[in-house]
Amino acid sequence: MSSTSQCRVCGGTVNEFFDFGRQPLSDAFLEPDVDLDGEFFFRLATGLCADCTMVQLMEEVPRDRMFHEAYPYHSSGSAYMRSHFEGLAKRLLTTELTGDDPFVVEVGCNDGVMLRTLAESGVRHLGVEPSGGVADVAAAKGIRVRKSFFEESTAREIRAADGPADVIYAANTLCHIPYIGSILTGVRALLAPTGVFVFEDPYLGDIVERASFDQIYDEHFFFFTARSVQQMAQRHDLELVDVERLPVHGGEVRYTLAIAGARTPTPAVADLLAEERARGLADRATLDGFGERVLRIRDDLTALLRRLRAEGKRVVGYGATAKSATVTNFCGIGPDLVSTVVDTTPAKQNRLTPGAHIPVVDAAAFADPYPDYALLFAWNHADEIQAKEQGFRAAGGRWIRYVPEVRID
Ligand code: SAH
Ligand code: TYD
Ligand code: ZN
């Protein structure tokens, strides 16, 4: 089945290139015996805009279903990510925030993982975060938080109350927002004349290269490239003036937008655009090739897990990631193949994973006793996790990875 939809950036025709079928909300961990009836499902499929090249989901999930009081993702759960965001905050302090009384707005500040450093430095700031639980955690760190969705009206209210922003920042949030036109109109209205809008999100170039199909789930609506972002910026009197590739979350790009004409783009922009052209990142054939690799991974992974079950091996998942919802539900992996998933997040523990209904247990249970195999759902945190779980390998355990291909190590 193949269909079209209307591009959320330019209104052009989006042609579907891959269908993951019926999928649940990736962060809707279920309370056993309470939540199993009425679980929400939608059709997860990706398409390419024939006009502006933006890759996006074919169907949108209403935002309040995903981002609410009980949203379980806590950004500070990874030590590596804490230092990543601290590094960015420190860099901003010596670059964009050196003027008189600078003002920073973060869209999707979550538990304050980035703003904490700026708040401690006394910088005027505001986090905008609709998910009440994580917003409260940020506020408890002394961060000024507004509990709402950021959109054009929010931006105008902030400008009226606090004045223009020198930096507007969003990490792993802009790609979550289908109504992106409202965001960019709001950014344009809120930004100071020399200000910048900096955002970082999973990069389509890395997703295609690594076949990391699990980056595709309800919350990730857009899959950006320098080309699609550049075109999108132009529609809002903004300009792409810098790009920086980041190693986090399996490969991201940090984009810097300024008001059109205010800054000279760095050579990195032209370099990445040229690389994307050479790789054919906006070509249907490239995306179809990605789809073929995804099907191969699904077949290899299910064959491996079935073989291990036949051999009587115990396999657990490591990291109840949002990404893992796509893996388990697309591949048909349930508790018969992966008995539990371990995770350090209290809000996910003693619940069932969405759709696949695999029990989530405290990461402390991992060693009690160690399983034979651990399927590394949080592969983007592999270094951090494998460093602290050295006892698993020492006890004879083996890790299973599935991107860029299925392998045991
Ligand atoms: N910046 C953090 C959080 C990413 S999770 C990090 O990089 O780890 C995405 C966050 O965006 C969630 O906390 C969600 O509540 C928030 N969000 C979703 N839509 C939003 C919107 N319109 N405005 C502000 N935040 C939003
Ligand atoms: P992450 O890959 O950051 O994001 P997403 O949910 O968007 O796919 O999620 C990492 C998950 O793994 C999170 O639930 C916390 C968990 N985790 C651990 O259990 N142990 C760890 O050492 C780390 C780094 C993460
Ligand atoms: Zn478009």
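Predicted model only: the values in this text are computed from it and were never measured.

> Help me understand the packing of helix α5 (residues 152-162) against helix α6 (residues 180-190), please; the structure alone is not making it clear to me.
Between two packed helices, what matters for the description is the angle formed by their axes and the separation of those axes. Two elements in contact, α5 and α6, have axes separated by 7 Å at closest approach and are oriented at 15 degrees. The angle between α5 and α6 falls in the class roughly parallel. Where α5 crosses over α6, the handedness of that crossing is right-handed. From α5, E152, A155, R156, I158 and R159 reach across to α6, where they touch S182, T185, G186, A189 and L190. Class assignment for the residues of the contact of α5 with α6 results in four nonpolar, three polar and three charged.

> What is the right way to look at the environment of N380 in this model?
With respect to the helices, strands and loops of the structure, N380 is situated in the loop between β16 (373-376) and α12 (382-388). Between the C-alpha atom of N380 and that of P247, which follows or precedes it by 133 residues, the distance is 9.1 Å. Discounting residues that sit within four places of it in the chain, N380 has contacts with H249, G250 and K323. Polar side-chain contacts of N380 include one of 3.0 Å to the side chain of H249. Looking at N380, its side chain comes within polar contact range of the side chain of K323, at 3.1 Å.

> Explain the coordination of the zinc ion (ligand 3) here, please?
The textbook angles at a metal center are 109.5 degrees for a tetrahedron of four donors and 90 or 180 degrees for an octahedron of six. The coordination sphere of the zinc ion (ligand 3), as far as protein atoms go, consists of C7 (SG), C10 (SG), C49 (SG) and C52 (SG), spread over 2.3 Å. Coordination at the zinc ion (ligand 3) comes from four donor atoms whose angles at the metal span 100 to 114 degrees, giving a geometry best classed as tetrahedral. Mapping the donors of the zinc ion (ligand 3) onto the primary sequence gives the spacing C-x2-C-x38-C-x2-C. You'll find C49 and C52 in the same group, each marked buried.

> Please clarify how the site of ligand 2 should be interpreted in this entry.
In the vicinity of ligand 2 lie 19 residues, with A322, K323, D343, K348 and K388 positioned nearest. In the environment of ligand 2, an oxygen atom lies 2.8 Å from a nitrogen or oxygen atom belonging to the backbone of A322. Coverage of ligand 2 by the protein chains reaches 94% of its 560 Å² of free accessible surface. Of all the secondary structure elements, the ones that give two or more residues to the shell around ligand 2 are α11 (322-331) and α12.

> Help me understand the site of ligand 1, please; the structure alone is not making it clear to me.
Around ligand 1 there are 21 residues in total, and S75, E129, S131, F150 and N172 lie nearest to it. A distance of 3.1 Å is found between an oxygen atom of ligand 1 and a side-chain nitrogen or oxygen belonging to N110. A distance of 3.3 Å is found between an oxygen atom of ligand 1 and a side-chain nitrogen or oxygen belonging to T173. Classifying every residue of the shell around ligand 1 gives twelve nonpolar, seven polar and two charged.

> Mind showing me how you'd approach the nonpolar core here?
Across soluble globular proteins, you tend to see nonpolar side chains buried next to one another. F150, F213, F224, L301 and Y402 are the most contacted members of the largest nonpolar core, which has 112 residues in total. Looking at this core, the element that brings in the most residues is helix α10 (residues 284-310), giving eight residues. F85, L115, V241 and V248 belong to the second-largest nonpolar core, a separate cluster that totals 25 residues.

> Got a minute to help me understand the packing of aromatic side chains in this structure?
A ring pair, where both rings are aromatic, is described by two values, the distance of the centres and the angle of the planes. Summed over all chains, the structure comprises 21 aromatic pairs. For the pair F197 and F199, a centre-to-centre distance of 5.0 Å together with 35 degrees between the ring planes defines the contact as tilted. Judged by relative accessible area, F199 falls into the buried class, the value being 0%. One aromatic cluster is present, formed by F18, F20, F213, F330, F377 and Y402 through successive ring pairs. The residue whose ring lies beneath R22 is F41, and the NZ or CZ to ring-centre distance is 3.7 Å. In this arrangement the basic side chain of R63 is found over the ring face of F149, its NZ or CZ atom lying 4.0 Å from the centre.

> How should I be thinking about the pairing of strand β17 (residues 398-401) in this particular structure?
Two faces, one strand: in a regular strand the side chains alternate between the faces of the sheet. With three bridges joining them, β16 and β17 adopt parallel strand pairing. Bridge pairing links L375 to I400 in β17. Pairing geometry for β17 and strand β18 (residues 407-408), over two bridges, is antiparallel. Looking at β18, one finds that I400 is bridged to I408. Count of turn residues in the β17/β18 antiparallel hairpin: five residues.

The rules we used
- Residues numbered from 1 in each chain as written.
- Chains lettered and ligands numbered in written order.
- Predicted model: local features only at pLDDT ≥ 70, side-chain atom pairs only at ≥ 80, totals over all residues.
- Heavy atoms only, no water.
- Axes fitted to C-alpha atoms, helices over the stretch in contact; angles between N-to-C directions.
- Helix = DSSP H or I, 4+ residues; strand = E, 2+ residues; numbered from the N terminus.
- Parallel < 35°, antiparallel > 145°, perpendicular 65-115°, else oblique.
- Left-handed = near helix turned anticlockwise from the far one by under 90°.
- Contact = heavy atoms within 4.5 Å.
- Nonpolar A, V, L, I, M, F, W, Y, C, P; charged D, E, K, R; others polar.
- Polar contact = N/O pair within 3.5 Å; in protein donor to acceptor, adjacent residues only side chain to side chain.
- Donors = N, O, S within 2.8 Å, 3.2 Å for Na, K, Ca; no water.
- Tetrahedral: all angles 85-135°; square planar, octahedral: opposite > 155°, others 65-115°.
- Buried < 20%, exposed > 50% of the residue type's maximum accessible area, 1.4 Å probe, protein only.
- Near = heavy atom within 4 Å.
- Areas by Shrake-Rupley, 256 points an atom, 1.4 Å probe, with all protein chains shown as cover.
- Core = buried A, V, L, I, M, F, W, Y, C linked by side-chain atoms within 4.5 Å.
- Phe/Tyr/Trp six-rings, centres within 6.5 Å; stacked < 30°, edge-to-face > 60°.
- Lys NZ or Arg CZ within 6 Å of the ring centre and 35° of its normal.
- Pairing = 2+ DSSP bridges.

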